[in-house]
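Architecture at a glance
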Amino acid sequence: MRRQLPLAVFIALLAAGPLLLPEFSITLLNYIGLYAIVAVGLVLLTGVGGLTSFGQAAFVGIGAYTTAWMTTAHGVSPWLTLSIGLVVTAAVALFLGFITLRMGGHYLPLGTIAWGISLYFLFGNVEFLGGHTGITGIPPVSLFGWEMKSGRDFYYLIWLVVLLAILALRNLLDSREGRAIRALKGGAVMAEAMGINTPRAKIVIFLIAALLASISGWLYAHLQRFVNPTPFSLTQGIEYLFMAVVGGIGHVWGAVLGAGLITVLKQWLQDWLPQILGQSGNFEIIVFGVAVVLILQKARDGLWPVILRLLPAPSRQRAVPQAPALDRRPAPPAGTLLLEANGVTKRFGGLVANNNMSLTVRAGEVMALIGPNGAGKSTMFNCISAVDPASEGKIAFLGASTASLAARDIASRGMSRTFQHVRLLGQMSVLENVAIGAHLRGSRGALAAALRLDRAEEQRLLAEAARQIERVGLAEHMFDAAGSLALGQQRIVEIARALCSDPCLLLLDEPAAGLRYREKQALAELLRRLRGEGMGILLVEHDMDFVMGLADRVVVMEFGEKIAEGAPEAVQRDPKVLEAYLGGVE
Ligand code: ADP
Ligand code: MG
């Protein structure tokens, strides 16, 4: 409740605005609202999803020009042109998204600059859009016979859209699809291994950000009643990004703060600088640039976190989610051949990390893959799970070749894994991290999440995650940030996440590293129980006591090749194995 108070005050102030403020302030607030709608989209796209776009102004332009042209030239109702604008924006965004989102690193922002400029020149050079003069005489929007002619009329509509956009985005981020989106930045490999279609998630956020920009454009056109290309240029696109970054690119409310600050600052500088310098010109741009750099120096995450510290702390959720269990896939009977790798070779340039490797795993057995550091064990895991597919060789999972499958397809068939170098989203709670593992056991998408129609399913996914966390013995850390746990415990979180996908084959890469003796015993106990339930487990581990006490069969690797295979006792006596470990195996 205390948490809601600042929000209630903010909304009350917003509502009272038109009654108290002069025309000039209302105009300023209207523009802040319009910018904030675009910046909210950028928080999702860039702040959360890690995809930087300089081209959002072009989508604003599409929304604005669609309604400007259709209402003036064809007399179409503004409410209809809003939907048409959204459809046009979606089509353009899908097209641009499919081309640009494949590009990694700096190529993506460069791509957005390219189409940002292209669309801007398109607006300015198409004759029926009025060229550089633009389109005038755009009709006002009317609602139940009330014509919104003045800025004061429009104010409530704009800020209603801002608040709804923020609400929808917050709902989205707190959902199955939201976790997939939050995994994009820094967790894409893990996400794919958990069955998340990351290219699709990128398209989804690209589309949402474009649609928000388009709505802002529609509002702009009907507020201003005329459009020309200038506000949809690359410069404005950069300014939108500034707003999101200065406000706090990882926080939805940062978008409003950033839009407010930049707009007011710019206005103020435009008024005062020419007076101070005794000369007119766009000096504000310079001051503005310096100010942005300074803010980023002092507050990397933008200014919203600074404000957040002044607000009452959120009451952390502590109730363990409860819901009926999710459906489980039929488990293959014990002894079924789950995995068969034959002649797997993996090259990194000239380095042969895996050479002609073969192994099998059956349901209800623990197969250990051991060997000195650098032998190629993790590489083999990546080949099997298609995180980094093999150069040559055959891998079959449940009797079917996985050659043409992506990691997420293999995950959907019942293989799950952990990573030697832990891949958790450190800021997210243990519960949310583990719930990522259950991604494929739900189906509700972004729209359902934004409208909160996904709650029943979400509760079941979270309850499943909670059960797996309890199962691995980390119940007391369920609501802690995953990054705050000891490294050994983080590995256990990864096991819970893998179990959450209801796998029949589990690949564990050094799960016991960093665990204390008792924790290792508990882990061994858990793995025995899983084996007893018919799960196949492929285990990489350096602790020989742990391996030999648990494994049914062992494969030993050295320099990418298999040097021994068999029962633990036999392997331990193998001269080649003793040699490889320099007498290290007792
Ligand atoms: P292990 O898990 O048995 O310790 P790895 O599979 O991690 O060994 O590594 C096997 C060999 O492959 C090492 O020499 C390692 O440096 C190399 N290697 C692993 N991944 C890559 C990569 N992505 N690019 C180049 N070389 C790699
Ligand atoms: Mg390794």
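Source: prediction; values computed, not measured.

**Details of empty space enclosed by the protein**
Going through the model one piece at a time under the given rule, you end up with one cavity of 30 Å³ or more. The calculated volume of the largest cavity comes to roughly 50 Å³. Elements supplying a minimum of two residues to the lining of the largest cavity: helix 15 (407-412) and strand 8 (415-417). Within the lining of the largest cavity, the residues separate by chemical class into five nonpolar, two polar and one charged.

**A word on the sheet that holds strand 4 (residues 351-362)**
As summarised here, the arrangement of the four strands in space is 4-3-6-7, forming an open sheet in which the pairing is antiparallel. Each end of this open sheet is capped by a strand with a single partner; those strands are strand 4 and strand 7 (400-401). As judged from the eight bridges shared by strand 3 (residues 337-348) and strand 4, these two strands associate in the antiparallel manner. Looking at the pairing, Leu339 lines up with Val361 of strand 4.

**What to know about the coordination of the magnesium ion (ligand 2)**
Each pair of donors in an ideal four-coordinate tetrahedral metal site encloses 109.5 degrees, whereas pairs in an ideal six-coordinate octahedral site enclose 90 or 180 degrees. Within the first shell, the magnesium ion (ligand 2) binds the protein through Ser378 (OG) and Gln420 (OE1), at distances of 2.0 to 2.1 Å. Here Ser378 is found in helix 14 (residues 377-384), whereas its partner Gln420 is found in the loop between strand 8 and helix 16 (430-436), with 42 residues between them in sequence.

**What about the pairing of strand 12 (residues 561-566)?**
Pairing between strand 11 (residues 553-558) and strand 12: five bridges, direction antiparallel. Bridge assignment links Met557 to a residue of strand 12, and that residue is Lys562. Connecting strand 11 to the antiparallel partner strand 12 that follows it, the hairpin turn spans two residues, and Phe559 within it adopts a positive phi of roughly 45°.

**Structural notes on the domain arrangement of the protein chain**
Where interface size is quoted, it is often the accessible area lost as the parts come together. Partitioning the protein chain into domains gives domain 1 (29-232) and domain 2 (337-582). Using only C-alpha atoms to locate each centre, domain 1 and domain 2 end up separated by 41 Å. At the junction of the two partners, domain 1 supplies 23 residues and domain 2 supplies 31 residues. Summed over both sides, the interface of domain 1 with domain 2 buries roughly 2500 Å², with 59% coming from carbon and sulfur. A per-residue breakdown of the area domain 1 buries against domain 2 is headed by Arg176, Arg179 and Met194, which together make up 34% of the total. There are five salt bridges connecting domain 1 and domain 2. Residues Arg408 and Glu192 are paired through a salt bridge, measuring 2.9 Å at the closest nitrogen-oxygen approach. At the junction of domain 1 with domain 2, the criterion picks out 11 residue pairs in polar contact (both at pLDDT 80 or more). Counting only elements with at least two residues in the side of domain 1 that touches domain 2, the list comes to helix 6 (151-173), helix 7 (176-182), helix 8 (184-193) and helix 9 (198-224).

**Brief notes about the sheet that holds strand 9 (residues 505-509)**
Read across the open sheet, the six strands follow the order 8-9-10-5-11-12; overall the sheet is mixed. Looking at strand neighbours, the two that pair on one side only are strand 8 and strand 12, the edges of this open sheet. Direction aside, the axes of adjacent strands within the sheet are offset by 15° on average. Across the face of the sheet, helix 14 comes into contact with strand 5 (366-370), strand 8, strand 9, strand 10 (536-540) and strand 11 while running at roughly 150° to strand 9.

**Concerning the packing of aromatic side chains**
Two aromatic rings, taken as a pair, are described by how far apart their centres are and by the angle between their planes. Scanning all chains against the criterion turns up 16 aromatic pairs. Measuring from centroid to centroid gives 5.9 Å for Tyr65 and Phe232, while their planes differ by 70°, and the two rings are edge-to-face. With Tyr65 in helix 3 (residues 56-74) and Phe232 in the loop between helix 9 and helix 10 (234-248), this pair connects stretches of sequence that are 167 residues apart. Here Tyr65 matches Phe232 in class, with each residue buried. With 5.3 Å between their ring centres and 90° between their planes, Tyr155 and Tyr156 make a pair best called edge-to-face. Accessibility expressed as a relative area gives 1% for Tyr155, which makes it buried. An aromatic cluster of three or more residues is present, and its members are Tyr31, Tyr35, Tyr65, Phe123, Tyr220, Phe232 and Tyr240.

**Here's the deal with the layout of surface pockets**
Each pocket or cavity is described by its volume, and for the second largest pocket that value is around 790 Å³. Lining the second largest pocket are 27 residues, with Ala168, Ile208, Leu212, Ile215 and Leu447 sitting closest to its centre. Of all the elements in the fold, those that place two or more residues in the lining of the second largest pocket are helix 4 (78-100), helix 6, helix 9 and helix 17 (446-450). Per-class residue counts for the lining of the second largest pocket are 24 nonpolar, one polar and two charged. Shared between two domains, the lining of the second largest pocket holds at least three residues of each, these being domain 1 (29-232) and domain 2 (337-582).

**Observations concerning the pattern of salt bridges**
The final tally for this structure, using the stated rule, is 24 salt bridges. What emerges from the salt-bridge pattern is a single network uniting Asp174, Arg452, Asp454 and Arg455.

**Overview of helix 9**
Its 27 residues place the ends of helix 9 39 Å apart at the C-alpha level, agreeing with the 39 Å of an ideal helix rising 1.5 Å per residue. Counting buried positions along helix 9 yields 19 of 27 residues, so the element is predominantly enclosed. Backbone geometry just after helix 9 places Arg225 at a positive phi near 70°.

**Quick look at the nonpolar core**
Within the largest apolar cluster, 86 residues are counted, with the highest numbers of intra-cluster contacts made by Phe59, Leu219 and Val227. The element contributing the most residues to this core is helix 2 (residues 23-48), with 15 residues. Setting aside chain neighbours within four positions, we find Leu219 in contact with Leu34, Ile37, Phe154, Leu157, Ile158 and Val161. Core analysis: the next-biggest nonpolar cluster, separate from the first, contains 54 residues, Leu326, Ala368, Ala435 and Ala512 among them.

**Brief notes about the environment of Ile26**
With respect to the element layout, Ile26 can be found in helix 2. For Ile26, a relative accessible area of 0% gives the class buried. Remark: the alpha-carbon pair of Ile26 and Tyr155, spanning 129 residues in sequence, is separated by 7.2 Å. Apart from the residues within four sequence positions on either side, Ile26 is in contact with Gly17, Pro18, Leu21, Gly151, Arg152 and Tyr155.

**Concerning the site of ligand 1**
Taken together, the residues surrounding ligand 1 are Phe348, Leu351, Ala353, Asn373, Gly374, Ala375, Gly376, Lys377, Ser378, Thr379 and Gln420. The backbone of Gly376 places a nitrogen or oxygen atom 2.9 Å from an oxygen atom of ligand 1. Here Lys377 contributes a backbone N or O atom positioned 2.8 Å from an oxygen atom of ligand 1. Here ligand 1, which alone exposes 560 Å², has 60% of that area covered by the protein. Counting residues per element, the ones that place at least two in the shell around ligand 1 are strand 4 and helix 14. Top element by residues in the shell around ligand 1 is helix 14. It accounts for three residues. Here the residues of the shell around ligand 1 are counted per class, giving four nonpolar, six polar and one charged.

About the thresholds
Residues numbered from 1 in each chain as written. Chains lettered and ligands numbered in written order. Predicted model: local features only at pLDDT ≥ 70, side-chain atom pairs only at ≥ 80, totals over all residues. Heavy atoms only, no water. 1 Å grid on protein atoms, 1.4 Å probe; cavity = no way out; pocket = protein on both sides within 12 Å on 5 of 7 lines; lining within 4 Å. Points joined across faces, edges and corners; volume = space filled by probe spheres on them. Helix = DSSP H or I, 4+ residues; strand = E, 2+ residues; numbered from the N terminus. Nonpolar A, V, L, I, M, F, W, Y, C, P; charged D, E, K, R; others polar. Pairing = 2+ DSSP bridges. Donors = N, O, S within 2.8 Å, 3.2 Å for Na, K, Ca; no water. Domains from an automatic or database assignment. Contact = heavy atoms within 4.5 Å. Buried area = accessible area lost by both parts, 1.4 Å probe. Salt bridge = Lys/Arg side-chain N within 4 Å of Asp/Glu carboxyl O. Polar contact = N/O pair within 3.5 Å; in protein donor to acceptor, adjacent residues only side chain to side chain. Axes fitted to C-alpha atoms, helices over the stretch in contact; angles between N-to-C directions. Phe/Tyr/Trp six-rings, centres within 6.5 Å; stacked < 30°, edge-to-face > 60°. Buried < 20%, exposed > 50% of the residue type's maximum accessible area, 1.4 Å probe, protein only. Expected span 1.5 Å × (residues − 1). Core = buried A, V, L, I, M, F, W, Y, C linked by side-chain atoms within 4.5 Å. Near = heavy atom within 4 Å. Areas by Shrake-Rupley, 256 points an atom, 1.4 Å probe, with all protein chains shown as cover.

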